[in-house]
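Observations on the model geometry
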Amino acid sequence: PATEQTYKMAVLDALLSMLDTTTIAIILIVFVFAIHVLLWSIATPCNVKRLPGEEVFLAPGGGTTPVGHTLEGTQYDHKIAPAELQLSLVIPAYKETERLPTMLDETMDYLRKRQGAQKDFTYEIIIVDDGSMDETAETALTYASDNLSKDEQKCFHVLQLKKNRGKGGAVRMGALSARGEEILMVDADGATDIKDLDKMHASLKKIQSRGFGIVCGSRAHLEEEAKATRSKLRNLLMHGFHMLVHFLCVKGIKDTQCGFKLFTRSAALAVFHSVHIDRWAFDVELLFVAQRLGIPISEVAVTWNEIDGSKLSPLEAALQMGRDLVRINALYTLNFWSLSDVTLQIAGHKDDSFRKLK
């Protein structure tokens, strides 16, 4: 009886042990599956589709004009449509009725002086109204009608998005509507001195390879001075963000978030056809994609001033950007996101190994 009892206890212990192992295995499988479902659910596609009305620019004085033609060729062999002018300025604007006119004053002053020095210099301005509920689009059009000559008005466009996409989405749609050989992304607040574009242009000419290159305006040289005026919380959030960017996404770039970036046409169209994030961390993803493609990137110190009227909550932005940095790393690593056919064709990568991270 004692032996039989011992045997029964041993069998029971073995069954419990197997049950525990099986339960743990099932829990792990369910957990991994849940993580994949979660990642799949947040793996938003790169949205380059236009809603009705977004295929035209609003023009000063009324009427519309077609957006720039950026791609040609077939579905299986996309090529970049030739540039029609030298520079496109893409200005994302959301509820910017107050700050936009001052920024446009400074921008037009620079463009007029550059055109005076370079008689063959051509440009266009694309204001991307990101689904604003106020009169941002009307403010831009009124400014052009009241302050620009007839010839200048022909270079001034407003792309009015029918719903809010976020800054990244607005910049993407503006870049994919541009006709310039170079495309400048510049914020509507005018925080960066537009005259620093000359340095950016010189750097772009120096680094570009096969027509590809990106120059990032950088505020890194202002960091020590900024630390003294920022709260401890903001400094902590800034350092945490920089660490996450470096370890998860982009290496070698000190300031990924400055809203002053200059692209060659090829680089902009290749990168923006694979950028999925529409909100504040889109800068990081576009540089992540650019590094993946081997596009040369440089940084140029720019003059920058804090402008009142920001709609960004530091804590909310930090949480959102931290989440998006993890999304970028996880979704590309697990191949929920990959580089698009258009991106690979523009960049000249026929090898499908570039599509997914190894």
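A brief structural summary. (Residues numbered from 1 in each chain as written. Predicted model: local features only at pLDDT ≥ 70, side-chain atom pairs only at ≥ 80, totals over all residues. Heavy atoms only, no water.)

1. With respect to the overall build of the protein
Secondary structure assignment for the protein yields twelve helices and eleven strands. Of all 358 residues assigned to the protein, the portion counted as buried reaches 45%. Accessible surface computed for the protein: about 18,200 Å², of which carbon and sulfur atoms make up 59%. (Helix = DSSP H or I, 4+ residues; strand = E, 2+ residues; numbered from the N terminus. Buried < 20%, exposed > 50% of the residue type's maximum accessible area, 1.4 Å probe, protein only. Areas by Shrake-Rupley, 256 points an atom, 1.4 Å probe, with all protein chains shown as cover.)

2. Let's talk about the layout of surface pockets
Empty space within the second largest pocket amounts to approximately 170 Å³. Residue composition of the lining of the second largest pocket, grouped by class: five nonpolar, four polar and one charged. (1 Å grid on protein atoms, 1.4 Å probe; cavity = no way out; pocket = protein on both sides within 12 Å on 5 of 7 lines; lining within 4 Å. Points joined across faces, edges and corners; volume = space filled by probe spheres on them. Nonpolar A, V, L, I, M, F, W, Y, C, P; charged D, E, K, R; others polar.)

3. What to know about the pairing of strand S3 (residues 71-74)
Both S3 and strand S4 (residues 77-80) contribute to a ladder of four bridges, which runs antiparallel. Within the sheet, the bridge partner assigned to Gly73 lies in S4 and is His78. Between S3 and S4, which pair antiparallel and follow one another directly, the connecting turn spans two residues. (Pairing = 2+ DSSP bridges.)

4. Points about the pattern of salt bridges
For the coordinates displayed, the defined rule picks out 18 salt bridges. Of the charged contacts in the structure, one is a salt bridge between Asp324 and Arg323, with a shortest N-O distance of 3.2 Å. Judged by its relative accessible area of 48%, Arg323 is partly exposed. A single salt-bridge network, built from bridges that share partners, covers Glu84, Glu124 and Arg179. (Salt bridge = Lys/Arg side-chain N within 4 Å of Asp/Glu carboxyl O.)

5. Looking at the environment of Asp120
In this fold, Asp120 is placed in the loop between helix H2 (100-117) and strand S6 (123-129). As for Asp120 and Leu85, which are separated by 35 residues in sequence, their C-alpha atoms are 9.7 Å apart.

6. Comments concerning the packing of aromatic side chains
Each aromatic ring pair is specified by the distance between its two centres and by the angle formed by the two planes. Under the definition given, this model contains four aromatic pairs. Ring geometry for Phe263 against Phe272: centres 5.6 Å apart, planes inclined by 55°, an arrangement best described as tilted. Each member of the pair Phe263 and Phe272 is classed as buried. Centre to centre, the rings of Tyr332 and Trp337 are 5.7 Å apart; their planes meet at 70°, and the pair counts as edge-to-face. One exposure class covers both Tyr332 and Trp337, and it is buried. Aromatic rings pair up to connect Phe288, Tyr332 and Trp337 into one cluster. The ring of Trp304 is capped by Arg219, whose NZ or CZ atom sits 5.3 Å from the centre of that ring. (Phe/Tyr/Trp six-rings, centres within 6.5 Å; stacked < 30°, edge-to-face > 60°. Lys NZ or Arg CZ within 6 Å of the ring centre and 35° of its normal.)

7. Comments concerning the packing of H2 against helix H3 (residues 136-147)
Packing of H2 against H3 brings their axes to within 11 Å, and their N-to-C directions diverge by 40°. Between H2 and H3, the angle falls in the class oblique. Crossing of H2 against H3: the hand is right-handed. Each of Leu100, Pro101, Leu104, Asp105, Met108 and Arg112 in H2 lies in contact with H3, whose residues at this interface are Thr136, Thr139, Ala140, Tyr143 and Asn147. The class makeup of the residues in the contact of H2 with H3 is six nonpolar, three polar and two charged. (Axes fitted to C-alpha atoms, helices over the stretch in contact; angles between N-to-C directions. Parallel < 35°, antiparallel > 145°, perpendicular 65-115°, else oblique. Left-handed = near helix turned anticlockwise from the far one by under 90°. Contact = heavy atoms within 4.5 Å.)

8. Section: helix H6 (residues 197-207)
Owing to its 3.6 residues per turn, the α-helix brings residues three or four apart onto one side. Buried within H6 are the following residues: Leu197, Met200, Ser203 and Leu204. Seen end-on, H6 carries its buried residues on one side only, within an arc spanning 120°. Its buried side turned inward, H6 meets strand S5 (85-93), H2, strand S8 (180-186), strand S9 (214-218), strand S10 (260-264) and strand S11 (297-301). (Arc of directions from axis to C-beta.)

9. Overview of helix H9 (residues 265-272)
Burial analysis of H9 places eight of its eight residues in the buried class, which makes it a mostly covered element. Every buried residue belonging to H9 is among Arg265, Ser266, Ala267, Ala268, Leu269, Ala270, Val271 and Phe272, and all of these are buried.

10. Brief notes about empty space enclosed by the protein
This model, assessed by the stated rule, comprises one cavity of 30 Å³ or more. The computed volume of the largest cavity comes to approximately 40 Å³. Lining of the largest cavity is provided by Met103, Glu106, Thr107, Val186, Gly190, Thr192 and Ile194. Class assignment of the residues belonging to the lining of the largest cavity gives a composition of three nonpolar, three polar and one charged.

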